[in-house]
Amino acid sequence: MQITRLAIYPIKSTSAISLESALVTHRGFAHDRRWLVTDENGKFITQRQYPVLATIATSIVDGGLLITRPAAENLYVPIPEEGTYASTVTVWKDDCQALDAGDNAAQWFSDFLKMKCRLFYQPERSIRPTDARYSTPKDHTSFADGFPFLLTNETSLDDLNQRLANAVPMSRFRPNIVINGHQPYEEDTWSVIMIGDITFRVAKPCSRCVMTTINPETGEKEGREPLFTLAQYRRTEMGVIFGQNLIPDREGIIRIGDKVTILK
């Protein structure tokens with residue numbers, strides 16, 4: 001098995017950047033979900049409430065982020081300085097320290113979503129622990145839903161698409177790492193894997209939500225699929241599952257084409 005795709009999502013719930021290689025850090029790929037849009041009270045906003053966030057594209061530039069959306073001027077946002085006053089933002093049940101990206105960014109997103117909102121950045125000093133039931137006390141993550149990495153398997157998607165009237169792309173599931181597995185859903189049985197020369201613990205299956213029904217190109221919700229069909233045969237006590245959450249044991253570089261080895 002090999003890696004076939006790598007991706008990051010610099011702002012949570014916006015579009016992906018595909019990569020040939022990526023730096024593994026303990027909280028996720030470098031630049032992955034380090035930025036977050038919130039309402040005026042600091043509560044996180046995602047495609048679940050605002051599917052149109054899928055149409056926002058980002059580019060990593062020196063010292064910051066270039067953000068684009070249809071029919072609007074581009075926005076350059078520098079990474080806030082570490083000495084900037086930290087605010088508290090809420091991601092699910094987690095309260096995290098984050099740096100405000102400023103009024104220009106807030107106005108740009110407020111105009112787009114037609115509500116008052118802010119853009120925040122997670123600095124290095126902000127440590128957001130992962131779920132203690134599936135990890136160790138030192139494990140932490142970015143503004144991702146719960147874990148540093150999400151892995152999906154092309155063979156599992158092939159199996160799902162055979163059950164659908166209209167096939168869906170892997171981008172519906174927003175993975176960081178895509179592999180070409182031998183069997184559908186074999187990733188459910190893994191406990192420890194090695195990608196390249198980096199070991200990852202397989203923390204838990206990824207519970208899927210309404211975001212899988214949103215077209216990532218248009219930012220529009222398209223009926224109930226593939227979530228409805230997945231629920232017919234992939235429902236567990238953790239919810240409707242597809243893909244696996246990973247936690248790395250060290251930092252390093254992984255690349256498309258790297259071998260995936262099952263250690264446990």
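Below is a summary of the structure that appears in this document. Note that this is a predicted model, so its numbers are computed, not measured.

Regarding the packing of aromatic side chains
(1) Moving on: All chains considered together, the criterion is met by nine aromatic pairs.
(2) Moving on: Judged by centre distance (4.9 Å) and plane angle (70°), the ring pair of Trp108 and Phe109 falls under edge-to-face. Considered together, Trp108 and Phe109 belong to a single accessibility category, that of buried residues.
(3) Moving on: Ring centres of Phe149 and Phe200 lie 5.5 Å apart, and the angle between their planes is 90°; on these two criteria the pair is classed as edge-to-face. Here Phe200 lies in strand β17 (residues 198–207) and Phe149 lies in strand β14 (residues 149–153), a separation of 51 residues in the sequence. Note on accessibility: Phe149 and Phe200 belong to one class, buried.

So, the pattern of salt bridges
(1) Moving on: By the definition in use, this model includes 15 salt bridges.
(2) Moving on: A salt bridge links Asp197 to Arg250, with the shortest nitrogen-to-oxygen separation between them at 3.1 Å. With Asp197 in the loop between β16 (192–195) and β17 and Arg250 in the loop between β21 (239–248) and β22 (252–255), this pair connects stretches of sequence that are 53 residues apart.
(3) Moving on: What makes Arg250 partly exposed here is its relative accessible area of 35%.

Reading the values: the criteria
Residues numbered from 1 in each chain as written. Predicted model: local features only at pLDDT ≥ 70, side-chain atom pairs only at ≥ 80, totals over all residues. Heavy atoms only, no water. Phe/Tyr/Trp six-rings, centres within 6.5 Å; stacked < 30°, edge-to-face > 60°. Buried < 20%, exposed > 50% of the residue type's maximum accessible area, 1.4 Å probe, protein only. Helix = DSSP H or I, 4+ residues; strand = E, 2+ residues; numbered from the N terminus. Salt bridge = Lys/Arg side-chain N within 4 Å of Asp/Glu carboxyl O.

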